[in-house]
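Fold and contact review
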Amino acid sequence: MSGPPPSAPCTPGTCVEAAERTAAAPRAALRLAAATVLLLAGIALLPLGRRIPTDLVGRWCRAIVRAFGVRVRVAGAPAPTGGLLLVANHISWLDVPLLAAVRPARMLAKAEIRRWPVAGWLAVRGGTLFIERDRLRALPETVARLAEALAGGAAVGVFPEGSTWCGRAQGRFHRAVFQAALDARVPVQPVRIRYRLAGGAATTAPAFVGEDALLASLWRVARTRGLVAEVQVLPVLPAGSRPDRRALARAAQPDGAAEPDRAHGAPPPPAACPPPPRAPEAGRPRAAVAAARTAAGGGE
């Protein structure tokens, strides 16, 4: 098994650009309120569990993203049914509902989330699988639990980079979680997530990196006008199509990430991203602990 992945070198100050066109504060507040209502509705339906149709869950996930003013574009064939390892690059907290919109899945998250107020309870009720990144001895057990869930017919969502990146650079897919797909003999569904503005230009406004505060990120997304989330469902990797987890991880890595760390330089020490087109607003609040961020190929 490989060790825990390093943290991404992306930071809010060097990577996250301020939106050139912003929505008025009252509209942004309405967007946050709408997203909150949808989230509470989902919490109320949690006791129903698997009795909720998966297509309804997918529409609810899309609705949450759209509530923030983000248009969603999904391209590619529908994900297969049965046991499935869903993997995607990781940029933002928006990635979680976007990945679930492809196919509702149990997420893999860092163990600390279990102890967070509200979020921890939601993660447990949602069937999240947890991983302890700092305990290498626990990794085989985590992979075994993943394989058990996959073999039982569940879909499991994983962000194998192990950390969020700004989108102008990517991390390599770490191979440990792919062993679970091999052991369970299930396919892997790669997904590429990108964020653009309405005119087609790439943007890092949704990125949730470094010491960025969750509330600051939520507000930035709600105020960004013309934000588009592009979700591309790539060709599925059938069970047994690759000989080992290293080959499987490489095949699942989205195109354009053959040298995923190139925009940041080679560590150590990791260089920062090239400056974005516009500097972020001065005085943006930050927090020492960034909520809802995934770890070690986990969900948020």
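Residues numbered from 1 in each chain as written. Predicted model: local features only at pLDDT ≥ 70, side-chain atom pairs only at ≥ 80, totals over all residues. Heavy atoms only, no water.

When helices and strands are counted, the protein chain shows nine helices and seven strands. Taking all 300 residues of the protein chain together, the buried fraction comes to 49%. In the protein chain, 80% of the contacts between residues at least 6 apart in sequence involve partners at least 24 apart. Per element, the accessible surface of the protein chain, about 14100 Å² overall, is 57% carbon and sulfur. (Helix = DSSP H or I, 4+ residues; strand = E, 2+ residues; numbered from the N terminus. Buried < 20%, exposed > 50% of the residue type's maximum accessible area, 1.4 Å probe, protein only. Contact = heavy atoms within 4.5 Å. Areas by Shrake-Rupley, 256 points an atom, 1.4 Å probe, with all protein chains shown as cover.)

This next bit is on helix 2 (residues 25–45). Taking 1.5 Å as the rise per residue, helix 2 with 21 residues should run 30 Å; its terminal C-alpha atoms sit 31 Å apart, in good agreement. The complete set of buried residues in helix 2 reads Ala 28, Arg 31, Ala 35 and Gly 42. One side of helix 2 carries all its buried residues, which in axial view fall inside an arc of 55 degrees. Exposed side of helix 2, more than 90 degrees from the buried face: Pro 26, Leu 30, Val 37, Leu 40 and Ala 44 are the residues found there. Looking at the buried residues of helix 2, the elements they touch are helix 3 (54–67) and helix 8 (214–223). (Expected span 1.5 Å × (residues − 1). Arc of directions from axis to C-beta.)

Spatially, seven strands are ordered 1-7-6-2-5-3-4 in an open sheet, and the strand pairing comes out mixed. Where the open sheet ends on each side, the last strands, each with one partner, are strand 1 (71–75) and strand 4 (129–131). Neighbour to neighbour, the strand axes of the sheet diverge by 25 degrees on average, direction disregarded. Taken together, the four bridges between strand 2 (residues 84–88) and strand 5 (residues 155–158) define a ladder with parallel strand orientation. Looking at the pairing, Leu 85 lines up with Val 156 of strand 5. (Pairing = 2+ DSSP bridges. Axes fitted to C-alpha atoms, helices over the stretch in contact; angles between N-to-C directions.)

Now for the side chain of Thr 203. In this fold, Thr 203 is placed in the loop between strand 6 (188–197) and helix 8. The class of Thr 203 is buried, set by a relative accessible area of 7%.

The next thing to look at is the pairing of strand 3 (residues 106–110). Looking along a regular strand, one sees the side chains alternate between the two faces of the sheet. Among the five residues in strand 3, four count as buried, and that is most of the element. Note: strand 3 against strand 5, two bridges, orientation parallel. Along strand 5, the bridge assignment pairs Arg 106 with Val 156.

This brings us to helix 6 (residues 139–151). Because the α-helix completes a turn every 3.6 residues, residues three or four places apart line up on one side. In this model helix 6 runs 18 Å from its N-terminal to its C-terminal C-alpha over 13 residues, within 8% of the 18 Å that 1.5 Å per residue would give. Burial in helix 6 covers these residues: Leu 139, Thr 142, Val 143, Leu 146, Ala 147, Ala 149 and Leu 150. The arc that holds every buried residue of helix 6, seen down its axis, measures 160 degrees, which confines them to one face. In helix 6, those exposed residues whose orientation departs by more than 90 degrees from the buried face are Glu 141, Glu 148 and Ala 151. Structurally, helix 6 contributes buried residues whose contacts are with strand 2, strand 3, strand 4, strand 5 and helix 7 (178–184). Two residues or fewer past helix 6, Gly 153 is found with a positive phi of approximately 95 degrees.

Along the chain, the position of Phe 208 falls in the loop between strand 6 and helix 8. Along the backbone, Phe 208 and Ser 163 are 45 residues apart, and their C-alpha atoms lie at a distance of 9.8 Å.

For the pair helix 2 and helix 8, the least separation of the axes is 8 Å and the interaxial angle reads 115 degrees. In the crossing of helix 2 with helix 8, the sense of the turn from one axis to the other is right-handed. On the side of helix 2, the interface is formed by Ala 25, Ala 28, Ala 29, Arg 31 and Leu 32, while helix 8 contributes Leu 218, Trp 219, Ala 222 and Arg 223. (Left-handed = near helix turned anticlockwise from the far one by under 90°.)

With 42 residues, the main nonpolar core has Phe 68, Val 70, Leu 94, Leu 98 and Val 191 as its most contacted residues. The residues contacting Leu 98, other than those within four sequence positions of it, are Val 65, Val 72, Ile 193, Tyr 195, Ala 229 and Val 231. Grouped together as the second largest cluster of nonpolar side chains are 27 residues, Ile 131, Ala 149, Ala 181 and Val 188 included. (Core = buried A, V, L, I, M, F, W, Y, C linked by side-chain atoms within 4.5 Å.)

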